[in-house]
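Listed below, chain by chain, are the residues.
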Amino acid sequence: MGTGTGGDSAVRLVQLYPDLLGTYGDGGNATVLAKRLAWRGIPHELVTVESGAPIPEQGDLYLLGGGEDGPQVEAARELAEQGALHRAVERGAVVFAVCAGMQILGHQFPDAVGQPRPGLALLDVQTVRLQRPRAVGELLVQPDPCWGLPELTGFENHGGRTRLGPAARPLGRVEVGEGNGWGEEGAVSGRVVGTYLHGPALARNPALADLLLGWVAGELAPLDDREVEMLREERIRAARQGELQPRRSWKDLIRRG
Ligand code: GLN
């Protein structure tokens, strides 16, 4: 299914398996990318591919969202079988994957009972289950200066923890929250980007959206992001002050008034 203002030179966005990886609202990332292209008058096409359907290989930017442990295994199996994402990445396509999406792009990740399952090995990471509580709450990240990005904000909700191999570099260092699990957040190998940030991440971090779009569409005209900037400031302040920490019990609720 295609929507948008496509054409031969249109930027092709491909949203993968929202039926399996759609639990955390990350489908909004595709909407944000399409809108930021539309606002700039750049022709684009957004294709949504449900599980079981063939994946187009000529996409410019592929998106994967977060999901539950079971559907995540199914998504990894189907993506490996089809091979289309591998071929697209070999061609230089960009991939932006969130949480379960990032985990399945790595070498391995745990299933619902903690058993390791093979990933797609498109990102040099490995995800494991540790004796730690689920990481739930706001996530605030100071990006590595190499990305030229301001603070990254979002929320996280995951049981797995992700280690980077030598061919991946993190998006940044965690200021609030847990991220990958060892002080870093996200992973980038070439043009394959993974993150634990939900929000959706690209709605809360338009500069990250433009970093990805710049890789496929070249230099981009600036947009008026003042409204989202106000939201960002409020979220960043609240995360720093711990206002958005999950409330774990009724005692906690009383203590916080
Ligand atoms: N099921 C995975 C985990 O818990 C991913 C969760 C998610 O995508 N938010 O680690």
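On a predicted model such as this, the values are computed, not experimentally measured, just so you know.

### Let's talk about helix α7 (residues 226-240)
With 15 residues, α7 should reach 21 Å at 1.5 Å per residue; the first-to-last C-alpha distance of 21 Å fits that figure. The set of residues buried in α7 consists of V228, R232, I236, A238 and A239. Seen end-on, α7 carries its buried residues on one side only, within an arc spanning 165 degrees. Facing away from the buried surface of α7 by more than 90 degrees, the exposed residues are R226, E227, M230 and E233. Of the surrounding elements, those touching the buried residues of α7 are β9 (135-143), β10 (152-158), β12 (172-176), α5 (201-204) and α6 (206-217). Positive backbone phi, at 75 degrees, marks G242, one or two positions downstream of α7.

### A closer look at the pattern of salt bridges
Where charged atoms of side chains with opposite charge meet at close range, the side chains can pair. Under the defined criterion, the tally for this structure stands at 19 salt bridges. One salt bridge connects E178 with R161, and the closest N-O pair in it is separated by 2.5 Å. Note that E178 is positioned in the loop between β12 and β13 (184-185) and R161 in strand β11 (residues 160-164), a separation of 17 residues in sequence. When its relative accessible area of 0% is taken as the criterion, R161 is described as buried. Note that R240 and E175 form a salt bridge whose closest N and O atoms lie 2.6 Å from each other. Note that R240 is positioned in helix α7 and E175 in strand β12, a separation of 65 residues in sequence. Look at the salt bridges and you will find they share partners, linking R36, R40, D210 and D225 into a network.

Scoring rules and cut-offs
Residues numbered from 1 in each chain as written. Predicted model: local features only at pLDDT ≥ 70, side-chain atom pairs only at ≥ 80, totals over all residues. Heavy atoms only, no water. Helix = DSSP H or I, 4+ residues; strand = E, 2+ residues; numbered from the N terminus. Expected span 1.5 Å × (residues − 1). Buried < 20%, exposed > 50% of the residue type's maximum accessible area, 1.4 Å probe, protein only. Arc of directions from axis to C-beta. Contact = heavy atoms within 4.5 Å. Salt bridge = Lys/Arg side-chain N within 4 Å of Asp/Glu carboxyl O.

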